[in-house]
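Below are the chains, spelled out letter by letter.
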Amino acid sequence: MSVWMVRARAPSFIIPITTLRIGNGNGDVKGLRLPLLSNKSWQFQLQFQQRNKEKKKRQNVTISYTNSSSGGDSASAALELEVNEIRESCKMWKWKGQYSINYLVSSTPNSHPNSPPLLLVHGFGASIPHWRRNIGTLAKSYTVYAIDLLGFGASDKPAGYSYTMEGWAQLILDFLDEVVKKPTVLIGNSVGSLACVIAASESSQTLVRGLVLLNCAGGMNNKAIVDDWRIKLLLPLLWFIDFLLKQRPIASAIFERVKQRETLRNILLSIYANKESVDETLVEIIREPANEEGALDAFVSIVTGPPGPNPVQLMPSISIPVLVLWGDEDPFTPLDGPVGHCPHDDSPELVHEKLLPWLAETFNF
């Protein structure tokens with residue numbers, strides 16, 4: 001199992017992950033050659049130029065690659081919580097005085113009082129239980145919050161609502177301001193990562209203290225990847241699909257097909273490298289909220305809506321510590337290797353093995 005890790009200290013700038021390619025054992029990063037990958041851990045330093053308004057700054061970024069067939073040590077081992085236990089512990093928060101947002105807070109007596117709280121933000125189609133293999137481990141040392149974004153999980157799915165990445169980012173910032181009330185480390189997966197990037201770019205360190213990105217999405221949907229010639233060729237088809245999805249009977253028929261157990265299982269198997277992680281529990285975590293009223297409207301709005309800001313363009317404005325973890329067998333945003341699009345659930349021990357030391361080192365407790 002393997003993950004890529006990129007980390008930077010403030011002022012931070014992350015190498016755009018789309019510029020990193022691994023193939024046939026070698027790869028290029030902005031013209032630099034990566035050494036042949038082996039089964040041993042290795043790391044190296046890259047130096048690159050970041051231009052700001054006054055002058056150029058030279059920034060060191062550490063990229064480490066770890067290949068492991070084991071689950072790591074006991075500190076990084078995953079403690080899996082029962083889905084019912086998670087749901088029974090959740091609370092509701094009223095956003096903007098009208099939308100009910102589902103959230104969880106978990107901590108233990110051993111949580112360090114000086115450590116920053118963590119906020120877990122799920123990806124497309126997921127919800128708080130998608131973090132069931134992470135919450136218990138992280139809560140040993142931190143107060144852990146997890147949230148269902150508007151339109152997902154047990155949060156409201158308002159009819160006629162236009163979903164945007166910026167809207168989710170504002171929800172995150174308001175949640176930090178009204179519920180957490182402490183500078184927080186944001187940890188997101190997929191579109192949840194992108195929402196965290198937008199939130200961090202619009203916030204000060206009084207709200208967001210650090211940022212962890214797990215296979216960050218390039219946009220709310222495929223229309224964000226306009227610099228890929230394959231997507232450019234497919235844009236007319238994507239626009240046609242958008243047109244079809246805006247026809248209610250067609251959208252309903254497609255959505256009914258997508259949320260069938262066997263279809264969901266096949267989709268999950270295509271984006272998970274560890275096929276054993278795709279169990280009935282995971283299928284139900286995705287399927288159950290999709291049966292709620294408003295789920296179809298959310299699906300159509302998200303797939304056909306604006307893709308939102310490009311994370312690569314936002315990163316230079318972020319001046320807090322950032323950790324990027326990338327499951328490199330990801331069919332949506334691929335590198336090459338045996339961890340998929342949801343590394344925190346696909347191979348949680350590997351994620352904890354990188355995440356926990358980074359948190360402890362970065363925030364000095």
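What you see is a predicted model, and the numbers here were worked out from it, not measured in a lab.

Novice: Help me understand the pairing of strand β9 (residues 144-147), please; the structure alone is not making it clear to me.
Specialist: For a regular strand, side-chain orientation follows a simple rule: the groups alternate between the two sheet faces. Every second residue of β9 is oriented toward a common face, with Val144 and Ala146 on one face and Tyr145 and Ile147 on the other, all of them buried. Examined bridge by bridge, strand β7 (residues 99-106) and β9 share 4 bridges and lie antiparallel to one another. Opposite Ser106, over in β9, you have Val144 as the bridge partner. Examined bridge by bridge, strand β8 (residues 118-121) and β9 share 4 bridges and lie parallel to one another. Its bridge partner being in β9, Val121 is matched across the sheet by Ile147.

Novice: Where do I start with the pattern of salt bridges in this structure?
Specialist: Side-chain pairs of opposite charge can arise whenever the charged atoms involved come near each other. Under the definition given, this model contains 13 salt bridges. With its nearest N and O atoms 3.3 Å apart, the salt bridge here joins Glu80 to Arg133. Pair noted here: Glu80 is in the loop between β5 (56-67) and α1 (83-89) and Arg133 is in the loop between β8 and α2 (135-138), with a separation of 53 residues, a long-range link. Classification of Glu80 as partly exposed rests on a relative accessible area of 45%.

Novice: Teacher, can you tell me more about the packing of helix α6 (residues 248-258) against helix α9 (residues 295-304) here?
Specialist: Geometrically, a packed helix pair is captured by the angle between its two axes and the distance between the axes. Packing of α6 against α9 brings their axes to within 10 Å, and their N-to-C directions diverge by 100°. As the angle between them shows, α6 and α9 are arranged roughly perpendicular. Contacts from Arg248, Ala251, Ser252 and Phe255 of α6 reach α9 at Ala295, Leu296, Asp297, Phe299 and Val300. Its residues placed into classes, the contact of α6 with α9 shows 6 nonpolar, 1 polar and 2 charged.

Novice: In this structure, what is going on with the side chain of Arg133? I would like to understand it.
Specialist: On the basis of relative accessible area, Arg133 is assigned to the buried category, the value being 8%. From its side chain, Arg133 meets the backbone oxygen of Asp345 in a polar contact 3.0 Å long.

Novice: Mind showing me how you'd approach the environment of Ile254 here?
Specialist: Tracing the sequence through the fold places Ile254 in helix α6. Between the C-alpha atom of Ile254 and that of Leu244, which follows or precedes it by 10 residues, the distance is 9.9 Å.

Novice: So what exactly am I meant to see when it comes to helix α4 (residues 191-202) here?
Specialist: Count 3.6 residues to each turn of an α-helix, and residues three or four apart come out pointing the same way. Helix length check: α4 (12 residues) gives 17 Å between terminal C-alpha atoms against 16 Å at 1.5 Å per residue, within 8%. Turning to α4, its buried residues number three or more, namely Val191, Gly192, Ser193, Leu194, Ala195, Cys196, Val197, Ile198, Ala199 and Ala200. Taken together, the buried residues of α4 touch β8, α3 (165-180), β10 (184-190), β11 (208-216) and α10 (311-314).

Novice: What's the story with the environment of Asn215 in this structure? I'm lost.
Specialist: Of note, Asn215 is situated in strand β11. Under the relative-accessibility criterion, Asn215 is labelled buried at 0%. Through-space distance from the C-alpha of Asn215 to that of Gly123 is 9.7 Å; in sequence the pair is 92 residues apart.

Novice: Quick question: what am I supposed to make of the environment of Val351 here?
Specialist: Inspection of the secondary structure assignment puts Val351 in helix α12 (residues 348-362). Put simply, Val351 and Asn134 are 217 residues apart on the chain and 9.0 Å apart in space, counted from C-alpha to C-alpha. Excluding residues within four positions of it along the chain, Val351 makes contact with Leu214, Leu325, Pro343 and His344.

Novice: Please clarify how the nonpolar core should be interpreted in this entry.
Specialist: Side chains that are nonpolar tend, in soluble globular proteins, to be buried together. Ranked by internal contacts, the top residues of the largest apolar core, which has 48 residues, are Leu119, Trp168, Ile172, Phe175, Leu186 and Leu211. Per-element accounting of this core gives the leading share, 10 residues, to α3. Those residues in contact with Phe175 that sit more than four places away from it in its chain are Trp93, Tyr103, Leu119, Tyr145, Ile147 and Val180. Membership of the second largest hydrophobic core comes to 26 residues, among which are Ala139, Val185, Leu323 and Val351.

Novice: How should the packing of aromatic side chains be read in this particular structure?
Specialist: With the rule as written, the count across this model stands at 11 aromatic pairs. On the basis of an interplanar angle of 65° and a centroid distance of 4.8 Å, the ring pair of Tyr161 and Tyr163 is categorised as edge-to-face. Here Tyr163 falls in the buried class, since its relative accessible area comes to 1%. Centroid distance Tyr163 to Trp168: 6.2 Å. Interplanar angle 45°. Geometry classified as tilted. Each member of the pair, Tyr163 together with Trp168, is buried. An aromatic cluster is present here, built from Trp95, Tyr99, Phe124, Phe152, Tyr161, Tyr163 and Trp168 joined pairwise through their rings.

Novice: In this structure, what is going on with a nonpolar patch on the surface? I would like to understand it.
Specialist: On the surface, Leu234, Leu237, Phe240, Ile241 and Phe243 cluster together to form a nonpolar patch covering roughly 460 Å² of accessible area. With respect to the helices and strands, the residue Phe240 is situated in helix α5 (residues 229-245). Its relative accessible area of 44% is what places Phe240 among the partly exposed residues.

Novice: I tried to follow the side chain of Arg132 on my own but got confused; where do I start?
Specialist: For Arg132, the position within the fold is in the loop between β8 and α2. Arg132 sits in the buried class, given a relative accessible area of 0%. Within polar-contact distance, the side chain of Arg132 engages the side chain of Glu80 at 3.3 Å. Contact partners of Arg132, with chain neighbours within four places excluded, come to Leu79, Glu80, Leu81, Val83, Ile86, Ser277, Asp279, Thr281, Leu282, Ile285 and Asp345.

Analysis parameters
The residue numbers shown here count from 1 along each chain, following its written sequence. Thresholds applied to this predicted model are a pLDDT of at least 70 for local features of residues and 80 or more for the giving and counting of side-chain atom pairs; totals over whole chains, interfaces and linings are not thresholded and use all residues. With hydrogens and water stripped out, all remaining heavy atoms of the structure feed into the side-chain values. Partly exposed residues are those whose accessible area sits between 20% and 50% of the maximum for their type, while under 20% is buried and over 50% is exposed, using a 1.4 Å probe and protein chains only. Secondary structure elements are defined from DSSP: runs of H or I of at least 4 residues count as helices, runs of E of at least 2 residues count as strands, and each element is numbered from the N terminus. The rule for pairing is simple: two strands pair if DSSP sees at least two bridges between them. We define a salt bridge as a side-chain nitrogen of Lys or Arg found within 4 Å of a carboxyl oxygen belonging to Asp or Glu. To get an axis, a line is fitted to the C-alpha atoms, and for a helix only the part in contact is used. The angle between two axes follows their N-to-C directions and goes from 0 to 180 degrees. Under this scheme an angle from 65 to 115 degrees is roughly perpendicular, one under 35 degrees roughly parallel, and one over 145 degrees roughly antiparallel; angles in between are oblique. Working rule for contacts: check all heavy atoms of both residues, and any pair within 4.5 Å makes them a contact. Charged means Asp, Glu, Lys or Arg here, nonpolar means Ala, Val, Leu, Ile, Met, Phe, Trp, Tyr, Cys or Pro, and polar covers whatever is left, Gly included. Any pair of nitrogen or oxygen atoms within 3.5 Å is treated as a polar contact; in protein, a donor-acceptor pairing is required on top of that, and neighbouring residues in sequence qualify only through side-chain atoms on both sides. Under the convention used throughout, the expected extent of a helix is 1.5 Å for every residue step, that is, one less than its residue count. Nonpolar core, defined: a set of buried Ala, Val, Leu, Ile, Met, Phe, Trp, Tyr and Cys residues in which side-chain atoms within 4.5 Å join the residues together. Pairing of aromatic rings covers Phe, Tyr and the six-membered ring of Trp, with a centre-to-centre limit of 6.5 Å; geometry is then stacked below 30 degrees between planes, edge-to-face above 60, and tilted otherwise. Note that patches include only residues with greater than 30% relative accessible area and no salt bridge, and the join distances are 9 Å for like charges and 5 Å for nonpolar side chains (Val, Leu, Ile, Met, Phe, Trp, Tyr). Residue burial considers only the protein chains on display, and all accessible areas are found by Shrake-Rupley using a 1.4 Å probe.

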